[in-house]
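Chain and residue survey
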Amino acid sequence: MLHPVQLDNQITMALILLTSEQKTLLRTLVGFIEAGKLQEPIVPFTATKSANQFVIYIRGQDSFTFQRISDLDSLCDAGLLRYRWNRFGTGKLYYVTEEGLQAVANNFQLPPT
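This one's a predicted model, so the numbers in the text were calculated from it and none came from an experiment.

The helix and strand tally for the protein stands at three helices and seven strands. Start at the N end of the protein and walk to the C end: the helices and strands fall as β-β-α-β-β-β-α-β-β-α. Buried residues in the protein amount to 34% of all 113 residues. When contacts within the protein are restricted to residue pairs at least 6 apart in sequence, those whose partners lie at least 24 apart make up 39%.

Right, dumping it as structure tokens:
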């Protein structure tokens, strides 16, 4: 996926490669948001059963679990998510960007040039 990057007042396109897990994660988050089962900000927690799993609470159904918090950060690096720190500075609150919504809608295909 190409992502705009500003260098010396010029915008260039940087190639960002996403794993299938990262694409699936974004598709899932967008699907929950569109279904009204997840509101932003998205707040991941460490799972109580395993320190290697993370949980996002979903309204009206079982929580969504995933393996790597770094996948959220990679989606931020690609411009598909953004984050801000919580008010205590101890955790990130994630938001899907317009580019993230478009990427899911276009099945991560680049628009024709």
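Leu-26, Ile-56, Leu-80 and Leu-81 are the most contacted members of the largest nonpolar core, which totals 24 residues. If you list the elements that add at least two residues to this core, you get helix 1 (20–34), strand 4 (54–56), strand 5 (64–66), helix 2 (69–77), strand 7 (92–96) and helix 3 (98–105). Beyond its immediate sequence surroundings of up to four residues, Leu-26 is in contact with Leu-75, Leu-80, Leu-81, Val-96, Gly-100, Val-104 and Phe-108.

For the rest of this paragraph, the subject is the pairing of strand 6 (residues 81–85). Every other side chain in a regular strand lies on the same face of the sheet, so the side chains alternate between the two faces. Pairing of strand 6 with strand 7, which is carried by five bridges, proceeds in the antiparallel orientation. Among the inter-strand pairings, Leu-81 is bridged to a residue of strand 7, identified as Val-96. Hairpin connection of strand 6 to strand 7: six residues between the antiparallel strands, including Gly-89 at a positive phi of 75°.

Our focus in this paragraph is the environment of Lys-92. Structurally, the position occupied by Lys-92 is in strand 7. Classification of Lys-92 by relative accessible area gives partly exposed; the value is 21%. Separated by 20 residues in the primary sequence, Lys-92 and Leu-72 place their C-alpha atoms 9.9 Å from one another. Leave out the neighbours within four places in its chain, and Lys-92 touches Ile-42, Pro-44, Asp-73, Tyr-83, Arg-84 and Trp-85. Side chain to side chain, Lys-92 and Asp-73 meet in a polar contact 3.0 Å long.

Moving on to the packing of aromatic side chains. Tallied over the entire structure, the rule returns six aromatic pairs. On the basis of an interplanar angle of 65° and a centroid distance of 6.0 Å, the ring pair of Phe-32 and Phe-64 is categorised as edge-to-face. Residue Phe-32 is found in helix 1, and its partner Phe-64 is found in strand 5; the two are separated by 32 residues along the sequence. Directly above the aromatic system of Tyr-95 lies the positively charged group of Arg-82, at a separation of 4.3 Å from the ring centroid. Its guanidinium or amino end placed over the ring of Tyr-83, Lys-92 lies 4.2 Å from that ring's centre, counting from NZ or CZ.

What counts, and where the lines are drawn
Residues numbered from 1 in each chain as written. Predicted model: local features only at pLDDT ≥ 70, side-chain atom pairs only at ≥ 80, totals over all residues. Heavy atoms only, no water. Helix = DSSP H or I, 4+ residues; strand = E, 2+ residues; numbered from the N terminus. Buried < 20%, exposed > 50% of the residue type's maximum accessible area, 1.4 Å probe, protein only. Contact = heavy atoms within 4.5 Å. Core = buried A, V, L, I, M, F, W, Y, C linked by side-chain atoms within 4.5 Å. Pairing = 2+ DSSP bridges. Polar contact = N/O pair within 3.5 Å; in protein donor to acceptor, adjacent residues only side chain to side chain. Phe/Tyr/Trp six-rings, centres within 6.5 Å; stacked < 30°, edge-to-face > 60°. Lys NZ or Arg CZ within 6 Å of the ring centre and 35° of its normal.

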